[in-house]
Amino acid sequence: GGGAASAQQFTMKLSSPTINDSNHEWMKLFKAGVEARSKGKVKVEMYPANQLGQIPATVDGVALGTIEMTIPAIGFFIGVEPRFQTLETAGLFDSMAHGQKVFNDPDIRKRMATFGEAKGVEPLFTMLHGEMYIGAHKPIRSIADFKGMKLRSAGAAPLHVEPFKLVGASPISMPLGEVVPALQNKAIDGAMATYPVFVAFKYYDVIKYANRLPANFTIVSALVNRRFMKSLGPELEGIVRDEARKHEQLFSTFALTDHERVRGLWHKNGGETVNLPADDAKKYQGVVDGVISKVVAANPKMKEDYEALLAAARKYR
């Protein structure tokens, strides 16, 4: 079976909602490595900037097997596997570099490899895409400023939406490709995203303020179809996994420097960055911590995952 599989050609369609960022750079290196080492037996097609559809459709596509891989924020995986939401709980990571060390921990990698097993999917890699901000028409200089705002969240999971509700905002789950028009027509007041997203989609033409959410990061993961991976046969599957792992070094090198580059572009194009005062940041984190406690306590497996992540976070501090 393995010999027959390796004799035929396979196509891997890679989807990403973003372009010209660490996701896109990883796709380029992965494509070159896989095609060269497989001697053309695995053809990799890249579709950045939502070319295969909005995020929910690509996640469904991976689960159904019509798309081999999609690389969005993990908030959109919650319907497939609720355990994903533990990976982006606010306060877990001190920085992008710290978070990447946690995701590279062998025990954490082994644990994450089981995510999505029941639905026939798995995360091939997981990374920190950047600090989380609310790009908005107005600055958020206190907890009170959240009141009445309609905010696009990075998913519909309780860990995404409940903190906003508790500070008086109305969270709305919305695919990335729909955000700019919604900001333009004032259907929403702001949107959760990172500097690379703000700059790639030219948010600065529509809004001015990037409001930092304390100790909060956007986590991105490459969701793949397990049946497809097995269909490659042992040799080709090994090449795909090895190339995926090899190019994760981008997330500890390129991603960090590129984050600084795009932050500079945000300011150069008239954008501002706003930080909550220390007392308000502490209050907001307290709200988030309360939500985390309730969510993980309701699911024994998620509680186990969260405690493992906390232990790893302490280990790499």
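Anything mentioned here points back to the structure above.
Residue numbers restart at each chain and count upward from 1, following the sequence in its written direction. Only residues with pLDDT of 70 or above have their local features reported here, since the model is predicted, and side-chain atom pairs are shown and tallied only from 80 upward, although totals for entire chains, interfaces and linings are computed over all residues. Here the side-chain values reflect all heavy atoms present in the structure, with hydrogen atoms and water set aside.

Undergrad: What is the right way to look at the environment of Asp279 in this model?
TA: By secondary structure assignment, the location of Asp279 is in helix α12 (residues 278-297). Classification of Asp279 as exposed rests on a relative accessible area of 57%. Each helix corresponds to a stretch of at least 4 residues labelled H or I by DSSP, and each strand to a stretch of at least 2 residues labelled E; elements are numbered beginning at the N terminus. For every residue, the accessible area obtained with a 1.4 Å probe (protein chains only) is divided by the maximum for its type, and the residue is called buried under 20%, exposed over 50%, and partly exposed between those limits.

Undergrad: Explanation requested: unusual backbone geometry in the structure shown.
TA: Negative phi values dominate among residues other than glycine, just as trans dominates among peptide bonds. One non-glycine residue, Lys39, adopts positive backbone phi at about 55°. Tracing the chain through its elements places Lys39 in the loop between α2 (22-37) and β2 (42-47). Despite not being glycine, Lys202 has its phi angle at roughly 55°, a positive value. Structurally, Lys202 can be placed in the loop between α8 (195-200) and β8 (209-225).

Undergrad: Just to check I follow, could you spell out the layout of surface pockets for this structure?
TA: Over the atoms a probe the size of a water molecule is rolled, and this reveals where empty space is left. In this structure, the largest pocket encloses a volume near 190 Å³. Only protein atoms enter the 1 Å grid, on which a cavity is a set of points fitting a 1.4 Å probe that cannot get out and a pocket is an open set with protein on both sides within 12 Å along at least 5 of 7 lines, lining residues being those with an atom within 4 Å of a point. Arg109, Met112, Ala113, Glu122, Pro123, Leu124, Phe125, Thr126, Arg241, Ala244, Arg245 and Glu248 are the residues that line the largest pocket. A total of five residues in the lining of the largest pocket trace back to one element, the largest contributor, which is strand β4 (residues 121-136). Three classes are used, and their members are as follows: Ala, Val, Leu, Ile, Met, Phe, Trp, Tyr, Cys and Pro are nonpolar, Asp, Glu, Lys and Arg are charged, and the others, Gly among them, are polar. Of the residues assigned to the lining of the largest pocket, the class counts are six nonpolar, one polar and five charged. Grid points are joined across faces, edges and corners, and a volume is the space filled by probe spheres set on the points.

Undergrad: What's the story with the packing of aromatic side chains in this structure? I'm lost.
TA: The description of an aromatic ring pair rests on the distance of the ring centres and on the angle between the ring planes. Any two of the Phe, Tyr and Trp rings considered here, Trp counted by its six-membered ring, make a pair once their centres fall within 6.5 Å; the pair's planes then place it as stacked at under 30 degrees, edge-to-face at over 60, or tilted in between. All told, the structure shown has 13 aromatic pairs when counted by the stated rule. Both rings, one in Trp26 and one in Phe30, keep their centres 4.6 Å apart while their planes meet at 15°; by these two values the pair is stacked. Of this pair, Trp26 and Phe30 both sit in helix α2, separated by four residues, roughly a single helical turn. In this structure, Trp26 and Phe30 share a single accessibility class: buried. Taken together through their ring pairs, the aromatic side chains of Tyr133, Tyr195, Phe198, Tyr203 and Trp266 make up a single cluster.

Undergrad: Which parts of the structure should I look at to understand the pairing of β4?
TA: One face of the sheet, then the other: side chains in a regular strand alternate in exactly this way. When you tally the buried positions in β4, you get 16 out of 16 residues, the bulk of the element. Sheet topology note: the β4/β8 ladder contains 12 bridges and is antiparallel. The residue bridging Met127 from the neighbouring strand is Val220, located in β8. When DSSP finds two or more bridges between a pair of strands, those strands are recorded as paired.

Undergrad: I would appreciate a short explanation of the side chain of Gln85 in the present structure.
TA: Within the secondary structure, Gln85 is located in the loop between β3 (69-70) and α4 (96-104). Residue contacts are defined here by distance: any two heavy atoms, one from each residue, within 4.5 Å place the two residues in contact. If near-sequence neighbours (up to four positions away) are discounted, Gln85 is found in contact with Ile78, Ala157, Pro158, Leu159, Val295 and Met302.

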